[in-house]
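Below, each chain spelled out in residue letters.
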Amino acid sequence: MRAAVFQGKGKPLAIEDVPEPTPGPGELVLKVGGCGICGSDLHMSEQPLPAGMVMGHEFAGEIVETGRDVGDWKSGERVCALPLLGCGSCHWCSAGAVHLCPTLRGAGLGPVGGAYAEYVLVSARETFRLPENLPTHEGALVEPLAVGLHAVHGGRIRPGDDVLIIGAGPVGLATTLWARHAGAREVVVSDFVEHRREMAGRMGATQVIDPGAGEVGPAFERIAGRKPDVILECVGVPGVLQQVFELAAPRSRVVVVGVCMVPDTIVPVIALTKELQVQFVAFYERRDFGHTLHMLRDERIDPRGMITDLIELEQLPAAFEALRRPSTQCKVIVRP
Ligand SMILES: [Zn+2]
Ligand SMILES: [Zn+2]
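In this report, the structure presented in the accompanying data block is examined.

1. As for the packing of helix α3 (residues 142-154) against helix α9 (residues 286-297)
Interaxial distance between α3 and α9 falls to 9 Å at its minimum, and their mutual angle equals 110°. In this view, α3 runs roughly perpendicular relative to α9, as classed from their interaxial angle. In the crossing of α3 with α9, the sense of the turn from one axis to the other is right-handed. Contacts from Val 142, Leu 145, Ala 146, Leu 149 and His 150 of α3 reach α9 at Asp 288, Phe 289, His 291, Thr 292 and Leu 293. Of the residues that constitute the contact of α3 with α9, the class distribution is six nonpolar, three polar and one charged.

Structure below.
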């Protein structure tokens with residue numbers, strides 16, 4: 001099959017022929033109908049990872065092959081899946097939190113091939129049917145939406161809370177959507193880039209802040225009349241967490257969603273004296289996929305505005321490189 005293959009740090013992806021996946025027990029093979037390009041793939045491609053890897057973890061498609069013991073899954077069904085393959089029997093897999101499984105393997109996150117390809121391998125246990133009103137390529141949005149939902153769970157947002165979201169990339173936008181959905185009073189989104197702030201408004205932000213125009217803390221207080229109850233950090237670059245600690249209110253909740261892969265300096269006493277509750281979150285649980293699909297089926301959320309481009313697999317290497325530079329893209333979906 002054709003796939004966009006990682007060639008090593010600093011080199012563009014290349015379209016190559018690679019072996020098709022074969023399903024083991026409890027596994028399915030999907031023909032990929034859509035796969036989102038994710039910022040974390042761009043980050044991964046800047047790490048010294050082995051060449052030959054196929055990324056792509058935000059996908060939906062059609063079942064084309066089933067392994068043994070997959071329950072009632074059949075070829076032809078349109079589905080999406082967590083890109084995570086666990087052991088299926090440990091405490092975490094049983095609890096629906098496969099991302100915490102000690103033997104976790106990730107499709108598109110190494111070592112299992114991802115969906116920048118014609119076919120992808122998934123776990124039947126982590127697979128969900130798409131509702132009829134959701135086109136297959138839009139099913140690729142379920143994964144990034146589930147990231148935002150899991151982050152909002154982590155913040156334990158209650159109706160009437162005032163929420164600050166730092167960063168309006170796809171993760172910040174998904175978090176914005178769910179924070180609003182959770183009944184927050186103000187959902188204020190801070191981002192340096194104007195078109196991202198506009199997108200945040202469309203995804204449910206009640207107000208936006210340009211951190212380039214002045215300090216975020218006072219700007220938030222002018223809007224909400226007080227400091228935030230919950231701050232969700234969706235940037236993941238060094239220094240942001242310390243800024244969050246400095247502007248947070250006593251006993252408020254801080255959720256760390258941004259993926260920072262380098263050392264970052266914090267001054268713990270700032271968080272300590274305020275008794276901040278800091279929650280790190282990663283991925284999502286099975287229930288986050290289920291809830292997201294339910295809300296999409298009932299058209300109670302509309303994230304389609306996040307999709308800014310649809311491309312073919314052959315266009316992926318160039319599109320991937322283009323996303324390293326500032327652009328007006330949000331979510332680019334590849335349709336192999
Ligand atoms: Zn992603
Ligand atoms: Zn497990």
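After presenting the structure, the write-up continues.
2. What about the environment of Glu 20?
Structurally, Glu 20 can be placed in the loop between β2 (14-17) and β3 (27-36). A C-alpha to C-alpha distance of 5.8 Å links Glu 20 and Met 1, two positions 19 residues apart in sequence. Not counting residues up to four positions away in its chain, the partners in contact with Glu 20 are Met 1 and Tyr 119.

3. Observations concerning the nonpolar core
Counting residues in hydrophobic clusters, the biggest one holds 103 residues, and the most contacted among them are Leu 30, Tyr 116, Val 120, Val 163, Ile 165 and Leu 232. Here this core gets seven residues from one element, more than from any other, and that element is α3. When residues of this core are sorted by domain, at least three fall in each of domain 1 (2-133 + 299-335) and domain 2 (146-280). Ignoring anything within four residues of it in the chain, the contact list for Val 120 reads Pro 21, Leu 30, Val 32, Phe 59, Gly 61, Ala 107, Gly 113, Gly 114 and Ala 115.

4. As for unusual backbone geometry
Phi angles above zero are rare outside glycine, and Arg 251 is one such case at about 60°. By secondary structure assignment, the location of Arg 251 is in the loop between α7 (240-247) and β15 (253-256). Of note in this structure, Glu 299 is not a glycine but carries a positive phi near 55°. Note that Glu 299 resides in the loop between α9 and β17 (307-312). Under the C-beta neighbour-count criterion, Glu 299 is labelled exposed, with 10 such atoms within 10 Å.

5. A word on helix α5 (residues 194-202)
By the burial criterion, the buried members of α5 are Arg 196, Met 199 and Ala 200. One side of α5 holds all its buried residues, which, seen down the axis, span an arc of 105°. Considering only its buried residues, α5 is in contact with α4 (170-181), β12 (187-190) and β13 (207-209).

6. Some points on the sheet that holds strand β14 (residues 230-233)
Overall, parallel pairing links the six strands, which are arranged β13-β12-β11-β14-β15-β16 in an open sheet. The open sheet has two free edges, formed respectively by β13 and β16 (277-280), since each of these has just one partner strand. Direction aside, the axes of adjacent strands within the sheet are offset by 20° on average. One ladder, built from four bridges, connects strand β11 (residues 163-166) with β14; its direction is parallel. Within the sheet, the bridge partner assigned to Val 163 lies in β14 and is Val 230. Packing of α7 onto the sheet brings it into contact with β11, β14 and β15, and relative to β14 it is tilted by some 170°.

Rules behind the numbers
- The residue numbering used here restarts from 1 in each chain and proceeds along that chain's sequence as written.
- Chain letters and ligand numbers both follow the written order, the letters beginning at A and the numbers at 1.
- With the structure being a predicted model, the display of local features is reserved for residues of pLDDT at least 70 and the display and counting of side-chain atom pairs for 80 or more, all residues being used for whole-chain, interface and lining totals.
- Note on definitions: angles span 0 to 180 degrees between N-to-C directions of axes, and those axes are lines fitted to C-alpha atoms, for helices only across the stretch in contact.
- We count a stretch as a helix when DSSP gives it H or I for four or more residues in a row; a strand needs E for two or more, and each element gets its number in order from the N terminus.
- What sets the label is the angle itself: under 35 degrees gives roughly parallel, over 145 gives roughly antiparallel, 65 to 115 gives roughly perpendicular, and the rest give oblique.
- The sense of a crossing depends on the near helix, which, turned anticlockwise from the far helix by less than a right angle, makes the crossing left-handed and, turned clockwise, makes it right-handed.
- In this description, any two residues whose backbone-derived C-beta atoms lie within 7 Å of each other are considered to be in contact.
- Three residue categories are used. Nonpolar comprises Ala, Val, Leu, Ile, Met, Phe, Trp, Tyr, Cys and Pro, charged comprises Asp, Glu, Lys and Arg, and polar comprises the others, including Gly.
- By definition, a nonpolar core groups buried Ala, Val, Leu, Ile, Met, Phe, Trp, Tyr and Cys residues that are joined through C-beta atoms within 7 Å.
- In this scheme the burial state of a residue depends on its C-beta neighbours within 10 Å: 20 or more other such atoms mean buried, 12 or fewer mean exposed, and anything in between means partly exposed; the C-beta positions come from the backbone.
- Marked domain ranges trace back to an automatic or database domain assignment.
- Each C-beta atom gives one direction from the helix axis, and the arc is the one those directions make.
- Two strands form a pair only when DSSP identifies at least two bridges running between them.

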